[in-house]
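Each chain is listed here by its residues.
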Amino acid sequence: MKIATRFAPSPTGFLHVGNLRTALIAWLYAKANAGKFILRIDDTDIHRSKEMYIDALKEDLKWIGIDWDICFRQSDRLNKYQEVKQKLIDSGRLYACYETEEELAVKKKSLLSRNLPPIYDRSSLKLTLDEKKELEAKGVQPYWRFLLNEEEISWDDKIRGQLRFEAKNLSDPVLVRNDGTLTYSLASVVDDIEYAITDIIRGEDHISNSAIHVQLFRALSAKPPSFSHISLLTTKDKKLSKRTGDFSLKELREKGILPSSIAVFFSKIGSSDNIIAKNGIDHLIEEFSFSKLSKSTVQYDYNELKTFNAKMLHLLDFKMIQDVLQKLNIKDMDEEFWLSIRGNIGSVEDIKYWYTVCRDEIKTEIIDKELISLAKNLLPEEKFDLNTWGKWIEAIKAHTNLRGKKLFMPLRVALTGQEDGPELKNLLPMISKKLILIRLNK
C-alpha cells in the first residue's frame, strides 16, 4: 500500500512552530517513501475558523518548501459526516445524551472528590424512549457519545513503541455536540478512511484520542492506520507562548529567519541528528527516520534558531540571495557587496541594515575628534578597492601613536555607527567617498 500522510490544521490562528514540526515530519515521511502528503483543513468550528488563517497557513507551508498532493476542507464534507453519524446510531455505537454542561460538571466534581477518574457514567443509556421524548419536548437537545467496547486497545507506535489502553478507563467520547456540530474525532476518522491515510503523525497530546480512534476505525469496518506520536515542543517556561514573539511562522518571517533555516531546525530538533547548516532542504528527506526522533519533550529556544539562521545565511551565494533582496527592495546590490557583508549577517534584516550603511545617511558618532580630523585629511584620493583601508591605516599610523582598538574603533563608529560588523577593508569600497566625508565631517 502506498504511504499516505496528512497534516490537519485548524484555521483558528496563524501556523505556529509546534504544528509546523508535525507538518514537516509527516511531509518528510511521505516524501522519503514516495508517498502522498495531504493537507486537510479542519474548519468544522465555524465560529473560530477564518479564511485569512487558511490563506496564511498555505502561504507559510509553501514558503517553507512543503507541497501537498491533495488539499480539502472538512466544511465541504458535512453531508458525508452526517451519513456516518447515522450509520453509527443505527449500529448502536452512537447514543444520545441529555445532561447539561452544569450537570456534567457536578458529576465530574463528585468523582474527583472521591479520588475516582472522571469517566462518564453512561446514565443516558438508561433513559427510556418516553423519557427522551419528554426531555426533547422541554427543549433539551441531545449530544452524542461513542460507545466504547470494554477491551484492551493497543498499537505499535513508530516512536513510542507498544502502547496499551483499557477502554473501561476511558470516557465515551462526544462525537456530536448538542448544536449538531462535530467534534474532532468523527470527521477526522471518516476522512482518514476515505483518503486511505496509512500513517497518522501527530503530537503526543493526542495519544488517548488515538486509542478512541482505533475503536472508531473498527466500528466503521476500517483497519486503523499506523500511529506515530511526536514529542511536544516547549520553551524554558514550559510552554509555547505567543507573547514571546517567536511562536508563529508569521513572526519568524518578520524577524528575517530564512525558510530553509526553519525547515532544517524544526525537522532536526528533538532528533539524534545534529542541526547542521546545509543549502536547501532535499537532504532532509534522505536523512529522515522515525528511529532518530526522541520520546522526550523538546525544548525550543528562539536564540538557538537565530544563531543557526546566521550560519545558514553565511552559506548563501549571490544567486541564492536574490529572492531575499527582492523582498527587501534592494535592487542594486552586486556579488562583491554581498560577499563583503555575508560573514556578519545574523538575519535578513541585517542585510538591509548594512546596505543602508553603505548607501544612505545614517546616525554615526565622532568619539575621537583629533583622530577623525587626521583621518579625513589622509583619506586616499584614488578609487577605493580592497587595498585602500590598509593604505589609509598605515598613513594614519605614521602620524599617531594609536594602535589596535584605540585606532580602529573610532574609525569604525564614525563610518558605520557600529562597534562591530564586516571588515572595513571590505566595506570601505562599498561606501561612496561623498558619504565617507559627510560622516568624517560630523
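What you see is a predicted model; the values in this text were computed from it and never measured.

Novice: Can you walk me through the layout of surface pockets in this structure?
Specialist: The space that makes up the largest pocket amounts to roughly 710 Å³. As for the largest pocket, its lining consists of 31 residues, and the residues nearest its centre are F7, A8, H16, N19 and H206. At the level of secondary structure, the elements contributing two or more residues to the lining of the largest pocket comprise strand 1 (4–7), helix 1 (17–32) and strand 9 (199–203). Looking at the second largest pocket, its volume works out to about 460 Å³. Every residue lining the second largest pocket is counted, 17 residues in all, and those nearest its centre are W63, L258, P259, V324 and K327. Secondary structure elements with two or more residues in the lining of the second largest pocket: helix 8 (249–254), helix 9 (259–268), helix 12 (322–327) and helix 14 (348–359). Residue contributions to the lining of the second largest pocket peak at three residues, all from helix 12. Classifying every residue of the lining of the second largest pocket by side-chain character gives nine nonpolar, three polar and five charged.

Novice: Explain a negative patch on the surface to me, please; I cannot follow it from the model alone.
Specialist: Among the surface-exposed residues, D317, D334, E335 and E336 lie close enough to one another that they form a single negatively charged patch. You can call E336 partly exposed: its relative accessible area is 46%.

Novice: Help me understand the side chain of E99 in this model?
Specialist: Mapped onto the secondary structure, E99 falls in the loop between strand 4 (94–97) and helix 4 (101–113). Using a relative accessible area of 12% as the deciding quantity, one classes E99 as buried. Engagement of the side chain of E99 in a polar contact is seen with the side chain of Y120, the distance being 2.7 Å. For E99, the side chain forms a polar contact with the side chain of Y143, separated by 2.8 Å.

Novice: Would you take a moment to explain the sheet that holds strand 1 for this structure?
Specialist: Two strands in a sheet stick together by hydrogen bonds in their backbones, pointing the same way (parallel) or opposite ways (antiparallel). One open sheet holds the three strands; their spatial order is 1-2-3, and the pairing between them is parallel. Every other strand in the sheet has two partners, leaving strand 1 and strand 3 (70–73) as the edge strands with one partner each. For this sheet the average axis-to-axis angle between neighbouring strands, irrespective of direction, equals 25 degrees. Across four bridges, strand 2 (residues 36–41) lies against strand 3 in parallel orientation. Paired with R40 across the strands is F72, a residue of strand 3. In the packing of helix 2 (residues 51–64) onto the sheet, contacts are made with strand 1, strand 2 and strand 3, and the angle to strand 2 comes to roughly 160 degrees. Against the sheet, helix 6 (residues 184–194) contacts strand 1, strand 2 and strand 3, and its axis sits at roughly 150 degrees relative to strand 2.

Novice: Explanation requested: the pairing of strand 5 (residues 143–146) in the structure shown.
Specialist: The side chains of a regular strand alternate between both faces of the sheet. Of the two faces of strand 5, the one holding Y143 and R145 and the one holding W144 and F146 are both buried throughout. Across four bridges, the pairing between strand 4 and strand 5 is antiparallel. Across the sheet, C97 pairs through a bridge with Y143, a residue of strand 5. Pairing analysis gives two bridges linking strand 5 to strand 8 (residues 174–176), with the strands arranged antiparallel. Following the sheet pairing, R145 is matched in strand 8 by V174.

Novice: What is the right way to read the packing of helix 9 against helix 11 (residues 302–315) from this model?
Specialist: Each pair of packed helices gets described by two things: the angle between the helix axes and the distance between those axes. Here helix 9 crosses helix 11 at 125 degrees, and the two axes come no closer than 9 Å. Comparing their axes, helix 11 and helix 9 come out oblique. Between helix 9 and helix 11 the crossing geometry is right-handed. Facing S260, S261, V264, F265 and F266 of helix 9, the residues of helix 11 in contact are E304, L305, F308, N309 and M312. For the contact of helix 9 with helix 11, the class distribution of residues is six nonpolar, three polar and one charged.

Novice: Would you take a moment to explain the packing of aromatic side chains for this structure?
Specialist: What characterises a pair of aromatic rings is the spacing of the ring centres plus the angle enclosed by the ring planes. Under the definition given, this model contains 15 aromatic pairs. Consider the rings of F265 and Y300, whose centres lie 6.4 Å apart with planes at 65 degrees: the pair is edge-to-face. Here the residue F265 occupies a position in helix 9, and Y300 occupies one in the loop between strand 12 (298–299) and helix 11, the gap between them amounting to 35 residues. Accessibility assignment for this pair places F265 and Y300 in one class, buried. Taking the centre distance of 6.2 Å and the plane angle of 55 degrees together, the rings of F337 and Y355 count as tilted. Here F337, found in helix 13 (residues 335–341), pairs with Y355, found in helix 14; they are 18 residues apart in sequence, far enough to count as distant. The exposure class of Y355 is buried, given its relative accessible area of 12%. Every member of this aromatic cluster is reached through a ring pair, and the members are F265, F266, Y300 and F308. Geometry around F14 places K250 over its ring, the cationic atom sitting 5.5 Å from the centre. Directly above the aromatic system of W63 lies the positively charged group of R253, at a separation of 4.5 Å from the ring centroid.

Novice: What is the right way to read the pattern of salt bridges from this model?
Specialist: Two side chains bearing opposite charge may form a pair once their charged atoms approach each other closely. A complete count under the given rule lists 28 salt bridges for this structure. Note that R40 is salt-bridged to D42, the shortest N-O span being 2.7 Å. With respect to burial, R40 and D42 carry one shared label: buried. For E150, the salt bridge is made with R122, and the minimal N-O distance between the two is 3.6 Å. Residue E150 is found in the loop between strand 5 and strand 6 (152–157), and its partner R122 is found in the loop between helix 4 and helix 5 (129–137); the two are separated by 28 residues along the sequence. Three or more residues joined by partner-sharing salt bridges are found here, namely R6, R40, D42, R77, K80, D191, D192 and E194.

Thresholds applied
- For every chain, the first residue of the written sequence is number 1, and numbering continues from 1 onward in sequence order.
- Since the coordinates come from a predicted model, pLDDT governs what is reported: local features require at least 70, and pairs of side-chain atoms require 80 or more to be given and counted, while whole-chain, interface and lining totals use all residues.
- Heavy atoms throughout the structure, all of them, feed into the side-chain values; hydrogens and water do not.
- The way it works is a 1 Å grid over only the protein atoms, where trapped points that fit a 1.4 Å probe form a cavity and open points with protein on both sides within 12 Å along at least five of seven lines form a pocket, and then any residue with an atom within 4 Å of a point lines it.
- Grid points are joined across faces, edges and corners, and a volume is the space filled by probe spheres set on the points.
- Strands are runs of DSSP state E lasting at least two residues, helices are runs of H or I lasting at least four, and both sets are numbered from the N terminus onward.
- Note that Gly is not counted as nonpolar here; it falls among the polar residues with everything else outside the nonpolar set of Ala, Val, Leu, Ile, Met, Phe, Trp, Tyr, Cys and Pro and the charged set of Asp, Glu, Lys and Arg.
- Here the term patch refers to residues with relative accessible area over 30% and no salt bridge, with like charges joined within 9 Å and nonpolar side chains (Val, Leu, Ile, Met, Phe, Trp, Tyr) within 5 Å.
- Accessible areas in this description were obtained via Shrake-Rupley with a 1.4 Å probe; residue shielding takes into account the shown protein chains only.
- One speaks of a salt bridge when a side-chain nitrogen belonging to Lys or Arg is within 4 Å of a carboxyl oxygen belonging to Asp or Glu.
- The charge count treats Lys and Arg as positive and Asp and Glu as negative. His and the chain ends do not count.
- Positions of charges follow a simple convention, taking NZ of Lys, CZ of Arg, CG of Asp or CD of Glu.
- Remark: exposure states derive from per-residue accessible area (1.4 Å probe, protein chains only) relative to the maximum for the residue type, with buried under 20%, exposed over 50%, and partly exposed in between.
- Here a polar contact is recorded for every N or O atom pair within 3.5 Å, except that within protein the pair must consist of a potential hydrogen donor and a potential acceptor, and residues adjacent in sequence are included only if both atoms are side-chain atoms.
- When DSSP finds at least two bridges between two strands, those strands are taken to pair.
- Axes, fitted as lines to C-alpha atoms, cover a helix only where it is in contact. Angles between the N-to-C directions of the axes lie from 0 to 180 degrees.
- The contact definition used throughout considers only heavy atoms, calling two residues in contact when any of these lie within 4.5 Å.
- Angle categories: roughly parallel below 35 degrees, roughly antiparallel above 145, roughly perpendicular from 65 to 115, and oblique for all the rest.
- Crossing handedness: left-handed means the near helix sits turned counterclockwise from the far one by under a right angle, and right-handed means the same turn made clockwise.
- We call Phe, Tyr and Trp rings a pair once their centres come within 6.5 Å, taking the six-membered ring for Trp, and we label the pair stacked below 30 degrees between planes, edge-to-face above 60, and tilted otherwise.
- By definition here, charges over rings are those cases where NZ of Lys or CZ of Arg is within 6 Å of the ring centre and within 35 degrees of the ring normal.

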